[in-house]
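If you want the building blocks of each chain, they are given just below.
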Amino acid sequence: MPGGRTAHSRFKLPINLENNLVCKISRQSGTAQLLRTAKVIIWDEASMAKRHALEAVDPTMKDITGVMLPFGGKIMVLGGDFRQVLPVVRRGTRAQSVNSSIRISPLWSSIVKLRLTINMRALTDPWFSDFLLRVGDGVEETVQGNFIRIPDDMVIPFTEKKVIKCFD
């Protein structure tokens, strides 16, 4: 997004979120002023964010705005597809990855969920759009139980390894 920032950059989220649920933004900072004046905050790919990040932003926004509503009363648009990738937990189990999802956060119950059903990127190719939905919904035919077959017309075949000489 032009002019956009990562959530860690904009909200000054700490690297280790699990032990520190506070963003490093003072009330008097320029970032705090920017967040106070914002009408809407868009967090793209929030479905891949750890719940601790969302749980750190909430009290920070309440502190900055002085409003005790979720996220300081700001409209937060959390975009993402939960059928894709869960948050990454280094050397974590599947249960740990699921537990780190924002869907497990106590804040999840206060969020209004809207489901978009038309893939605008694939609008000109209805077959591809349907294929993506089948994969995302887990109904596409599998091979050996765990894999899906990518159609031939979507694959660039590997023919030979090309060697590029960097030095003579």
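You'll find the structure just up there.
Just so it is clear, the model here is predicted, and its values are computed rather than measured.

**As for the overall build of the protein chain**
Scanning the protein chain from N- to C-terminus turns up five helices and four strands. Each helix (α) and strand (β) of the protein chain, taken in turn from the N terminus, gives the series α-α-β-α-β-α-α-β-β. Relative to the compact-globule value of 15 Å for 168 residues, the protein chain shows a C-alpha radius of gyration of 21 Å, a clear excess of over 25%. Evaluated residue by residue, the protein chain yields a buried proportion of 29% over its 168 residues. Restricting to contacts in the protein chain with at least 6 residues of sequence separation, those with at least 24 account for 56%. Counting every atom, the protein chain has about 12800 Å² of accessible surface; 57% of that belongs to carbon and sulfur. Side-chain charges of the protein chain comprise 24 positive and 16 negative groups, with the mean position of each set lying 12 Å from the other.

**Things to note about the layout of surface pockets**
Its boundaries defined by the atoms lining it, the largest pocket holds a volume of some 1600 Å³. Around the largest pocket sit 33 residues that line it, and Gly79, Gly80, Asp81, Phe82 and Leu116 are the ones nearest its centre. Those elements giving two or more residues to the lining of the largest pocket turn out to be β1 (40-43), β2 (75-78) and α5 (126-137). Among the elements that make up the lining of the largest pocket, the one with the highest residue count is α5 (five residues). Here the second largest pocket defines a volume of roughly 510 Å³. If you go around the second largest pocket, you meet 16 residues; those closest to its centre are Gly4, Arg5, Arg10, Ile41 and Ile42.

**Quick look at the side chain of Arg10**
With respect to the helices and strands, Arg10 occurs in helix α1 (residues 7-11). Discounting residues that sit within four places of it in the chain, Arg10 has contacts with Arg5, Ile25, Thr31, Leu34 and Leu35.

**Overview of α5**
Residue pairs three or four apart in sequence face the same way in an α-helix, which turns once every 3.6 residues. Between the first and last C-alpha of α5 there are 16 Å, a value that for 12 residues agrees with the 16 Å anticipated at 1.5 Å per step. Residue Gly138 follows α5 closely and has a positive phi angle near 75°.

**Considering the nonpolar core**
Of all hydrophobic cores here, the largest spans 25 residues; its most connected members are Phe11, Leu13, Trp43 and Val57. Every element with two or more residues in this core is listed here: α1, α2 (30-37), β1 and α3 (51-65). If one sorts the elements of this core by residue count, α3 sits on top with six residues. Excluding residues that lie within four positions of it along the chain, Trp43 makes contacts with Ala7, Phe11, Ala49, Ala53, Leu54, Val57, Met76, Val77, Leu78 and Gly79.

**Here we look at the environment of Thr65**
Checked against the element boundaries, Thr65 lands in helix α3. Relative accessible area serves as the criterion here: at 22%, Thr65 is assigned to the partly exposed category. Between the alpha carbons of Thr65 and Thr37 there is a distance of 9.3 Å; along the sequence they are 28 residues apart. Here Thr65 is in contact with Arg36, Gly72 and Lys74, once residues within four sequence places are set aside. Within polar-contact distance, the side chain of Thr65 engages the backbone oxygen of Met61 at 2.8 Å.

Quick notes on the rules
Residues numbered from 1 in each chain as written. Predicted model: local features only at pLDDT ≥ 70, side-chain atom pairs only at ≥ 80, totals over all residues. Heavy atoms only, no water. Helix = DSSP H or I, 4+ residues; strand = E, 2+ residues; numbered from the N terminus. Rg over C-alpha atoms; globule rule 2.2 N^0.38 Å. Buried < 20%, exposed > 50% of the residue type's maximum accessible area, 1.4 Å probe, protein only. Contact = heavy atoms within 4.5 Å. Areas by Shrake-Rupley, 256 points an atom, 1.4 Å probe, with all protein chains shown as cover. Lys, Arg positive; Asp, Glu negative; His and termini not counted. Charge placed at Lys NZ, Arg CZ, Asp CG, Glu CD. 1 Å grid on protein atoms, 1.4 Å probe; cavity = no way out; pocket = protein on both sides within 12 Å on 5 of 7 lines; lining within 4 Å. Points joined across faces, edges and corners; volume = space filled by probe spheres on them. Expected span 1.5 Å × (residues − 1). Core = buried A, V, L, I, M, F, W, Y, C linked by side-chain atoms within 4.5 Å. Polar contact = N/O pair within 3.5 Å; in protein donor to acceptor, adjacent residues only side chain to side chain.

As far as function goes, none of this settles anything; it's purely spatial.
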